[in-house]
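One letter stands for each residue in the lines below.
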Amino acid sequence: MSNGIYATGGRAVYGLMTNRLVVDKPVTVQSVGGPGVTAIQGYLVPGTTNGDGAVRCVYLTNGAILSGFTLTAGATRTAGNATREQSGGGVWCESASALVTNCALTGNSAPNGGGACKGH
């Protein structure tokens, strides 16, 4: 992905939890310039941070790799499945076979762990 801040769009994978970027195939998503110049920005609900309307930065499926991004301002819901919808405001990985490398996680929030859930 090219340098810049990715802060629009999104898609749900489980329930009502929206993810800014969904990587649902075992591919590598890599930035051009690295985490200093390429960010994926979620959405923190004003006044509460987490809740309906929050947007997680990234969902990664089994075998997917994310490399060279800053994941910032990601948040999750406060209702729904405790693991799938209330964990990993920065990144939620389907299993330990998903890999996050050369990434900075900052300012993310979730009731059950704000930065990352699962993954390697």
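Residues numbered from 1 in each chain as written. Predicted model: local features only at pLDDT ≥ 70, side-chain atom pairs only at ≥ 80, totals over all residues. Heavy atoms only, no water.

A.B. asks: Break down the pairing of strand β5 (residues 38-41) for me, with residues and values.
C.D. replies: Strand direction decides the pairing type here: strand β1 (residues 4-6) and β5, joined by three bridges, are parallel. Bridge pairing in β5 places Ile5 opposite Ala39. Relative to strand β8 (residues 70-72), β5 runs parallel, the two being bridged by three bridges. Bridge pairing in β8 links Gln41 to Thr72. (Pairing = 2+ DSSP bridges. Helix = DSSP H or I, 4+ residues; strand = E, 2+ residues; numbered from the N terminus.)

A.B. asks: Please give an account of the nonpolar core that cites residues and values.
C.D. replies: Grouped together as the largest cluster of nonpolar side chains are 14 residues, with contacts concentrated most on Leu21, Ile40, Val58, Leu60, Leu66 and Leu71. Beyond its immediate chain neighbours, meaning those up to four positions away, Leu66 contacts Leu21, Val29, Val58, Leu60, Leu71, Leu99, Val100, Thr101 and Cys103. (Core = buried A, V, L, I, M, F, W, Y, C linked by side-chain atoms within 4.5 Å. Buried < 20%, exposed > 50% of the residue type's maximum accessible area, 1.4 Å probe, protein only. Contact = heavy atoms within 4.5 Å.)

A.B. asks: Outline unusual backbone geometry, supporting the account with residue identities and numerical values.
C.D. replies: A negative phi angle characterises most non-glycine residues, just as the trans form characterises most peptide bonds. In this structure, Asn102 is a non-glycine residue whose phi angle is positive, near 50 degrees. By the secondary structure assignment, Asn102 is in the loop between β10 (99-101) and β11 (104-106). The backbone phi angle of Lys118 is positive, close to 65 degrees, even though this residue is not glycine. With respect to the helices and strands, Lys118 occurs in the segment after β12 (116-117). Overall, Lys118 belongs to the partly exposed group, its relative accessible area being 44%.

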